[in-house]
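Residue-level listing of the chains:
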Amino acid sequence: MESIIPEKAGRLLSLDVMRGLIMIFLAGEACSIYESLRDLHVGGFFDMILVQFDHHPWHGLRLWDLIQPAFMTIAGTAMYISYHNKLKKGITWGQNWKHIAFRSLELFVLGTAVQCFYAGKLVWELWNVLTQLSVTTLIAYLIINKSYRFQIAVSVALLILTEVLYRTILMPGFNQPFVEDHNFGAYMDTVFMGKINHDGWVTINFIPTAAHTIWGALAGKLLVSEKTANEKMKYLIMAGIIALAIGFGLDWTGVTPIIKRIATSAFTFASEGWVLLLMAFLYWLIDIKKINKYAWIAVVVGMNAIFIYYFFNTVGYQWFNGAVGIFVKDFAEIIGIAPKISAVISALVTWFLEWSLCYWLLKNKVFIKL
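Residues numbered from 1 in each chain as written. Predicted model: local features only at pLDDT ≥ 70, side-chain atom pairs only at ≥ 80, totals over all residues. Heavy atoms only, no water.

J.: Where do I start with the overall build of the protein in this structure?
T.: Along the backbone of the protein there are 14 helices and zero strands. Tracing the protein from N to C terminus, the helices and strands come up as α-α-α-α-α-α-α-α-α-α-α-α-α-α. Taking 2.2 N^0.38 as the reference for a compact globule, 370 residues should give roughly 21 Å; the C-alpha atoms of the protein span a radius of gyration of 21 Å, in line with that estimate. For the C-alpha atoms alone, the extent of the protein along its principal axes is close to 65 × 60 × 40 Å. Burial analysis of the protein (370 residues in total) assigns 50% to the buried set. (Helix = DSSP H or I, 4+ residues; strand = E, 2+ residues; numbered from the N terminus. Rg over C-alpha atoms; globule rule 2.2 N^0.38 Å. Buried < 20%, exposed > 50% of the residue type's maximum accessible area, 1.4 Å probe, protein only.)

As structure tokens, then:
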């Protein structure tokens, strides 16, 4: 595997594994695996598990709602570790700023472009995770040299700002802070884009979700510190438990509901709690206990995350899925396989073929590094 895993000293294997697992889950969604399995309506425990692979419709928290917070947190962690290594080489904050600014611009362009692929035409839509990350990256980097307390204070201030905006700016038709399509975030989308997202997503999510990237950078600062491995793991666990308590506390007391689609403060805290606990577990398992025999699979994916995300959501989603479906579904119909079963088979075949093509492209470096 050496040919497709860049050799970089000081990398934490668990971070690449965590990012890789996120991308593997996202690839399954792009190939419609979870959707086709849900359509079987097997019932019972099977359906209870599968529902976790779809976003909660509004007020609540599911496994799938943790994907974006995890992605943004890992981005912050990786950014800090990269910056830390550059400082040791004599590269200053200002010199690295050019790289961060260009990277953010790149993410913004990729994020807005993928929305055009989804729509099948030129559109101006700012809801994609890469677009959001382009802004949260800049915010996190601007304060990356500050103390833990300062960065935590800024992240909390961003969440308070979100609360104030939603609760105090009540425009006609958009005067219900936590009601889908009638909140401040939806109103701002009419300002930015002249339309709203009827699945409830809003552009100004970049304000509260910047906390994820800031907290990720703080996790990176912790992980490269002189503290022992066990101390690092304990701090991550404590931070995770505190974030969970705050997030679910805000929700259960009725102060602020957990709503992923508008990234309420309760959601931001609760989701980050689970993400930090997962980070602590993988750090313990892979970097401390060295249980990583098959970690290379997720590492390869994690170190090429943007390329793989883009491949599955453009070439895969726009063409490959349908092209494979033509042959698999039609052949299944000929031999008498039920349509819902053939849809599952088609999704799995698509998933396998797309991963095979991705592996070939990565191994032979036939791609633009994203």
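J.: Any chance you could explain empty space enclosed by the protein here in plain terms?
T.: To find the voids left in a structure, one rolls a probe of water-molecule size over its atoms. What the rule picks out here adds up to one cavity of 30 Å³ or more. Counted as a void, the largest cavity has a volume near 50 Å³. When residues in the lining of the largest cavity are grouped by element, the largest group, three residues, is from helix H7 (residues 148–168). Grouping the constituent residues of the lining of the largest cavity by class yields three nonpolar, four polar and one charged. (1 Å grid on protein atoms, 1.4 Å probe; cavity = no way out; pocket = protein on both sides within 12 Å on 5 of 7 lines; lining within 4 Å. Points joined across faces, edges and corners; volume = space filled by probe spheres on them. Nonpolar A, V, L, I, M, F, W, Y, C, P; charged D, E, K, R; others polar.)

J.: Got a minute to help me understand the side chain of Gln151 in this structure?
T.: Along the chain, Gln151 turns up in helix H7. In this structure Gln151 comes out as buried when scored by relative accessible area, which is 1%. If sequence neighbours within four positions are ignored, Gln151 has contacts with Ile143, Ile144, Lys146, Ile214, Ala217, Leu218 and Lys221. (Contact = heavy atoms within 4.5 Å.)

J.: Looking at this model, I keep getting lost on helix H14 (residues 339–363). Mind explaining?
T.: For H14, with 25 residues, the first-to-last C-alpha span of 36 Å sits near the 36 Å given by 1.5 Å per residue. Looking at H14, one finds that the buried residues are Ser342, Val344, Ser346, Ala347, Thr350, Glu354, Trp355, Cys358, Leu361 and Leu362. Buried residues along H14 sit against helix H1 (13–30), helix H2 (33–38), helix H12 (295–302) and helix H13 (305–334). (Expected span 1.5 Å × (residues − 1).)

J.: Honestly, a nonpolar patch on the surface in this entry has me stumped. Any pointers?
T.: A cluster of nonpolar side chains, namely Tyr148, Ile152, Val156, Ile160 and Val164, defines an oily patch on the protein surface of about 390 Å² accessible area. With respect to the secondary-structure elements, Val164 resides in helix H7. (Patch = residues over 30% accessible without salt bridge, like charges linked within 9 Å, V, L, I, M, F, W, Y side chains within 5 Å. Areas by Shrake-Rupley, 256 points an atom, 1.4 Å probe, with all protein chains shown as cover. Salt bridge = Lys/Arg side-chain N within 4 Å of Asp/Glu carboxyl O.)

J.: Help me understand the packing of aromatic side chains in this model?
T.: Working definition: an aromatic ring pair is given by the centre-to-centre distance plus the angle between the planes. Going through the model one piece at a time under the given rule, you end up with 22 aromatic pairs. Between Phe53 and Trp64 the ring centres are 6.1 Å apart and the planes differ by 45°, which places this aromatic pair in the tilted class. With Phe53 in the loop between helix H3 (44–50) and helix H4 (67–88) and Trp64 in the loop between H3 and H4, this residue pair connects regions lying eleven residues apart in the sequence. Their ring planes at 80° and their centres at 5.8 Å tell us that Phe311 and Phe312 sit as a pair that is edge-to-face. Per residue, the accessibility class of Phe311 equals that of Phe312, and both read buried. Taken together, the aromatic side chains of Tyr80, Tyr83, Trp93, Trp97 and Tyr141 make up a single cluster linked through ring pairs. Against the face of Phe150 rests Lys146, its NZ or CZ located 5.6 Å from the ring centre. Directly above the aromatic system of Tyr148 lies the positively charged group of Lys221, at a separation of 4.6 Å from the ring centroid. (Phe/Tyr/Trp six-rings, centres within 6.5 Å; stacked < 30°, edge-to-face > 60°. Lys NZ or Arg CZ within 6 Å of the ring centre and 35° of its normal.)

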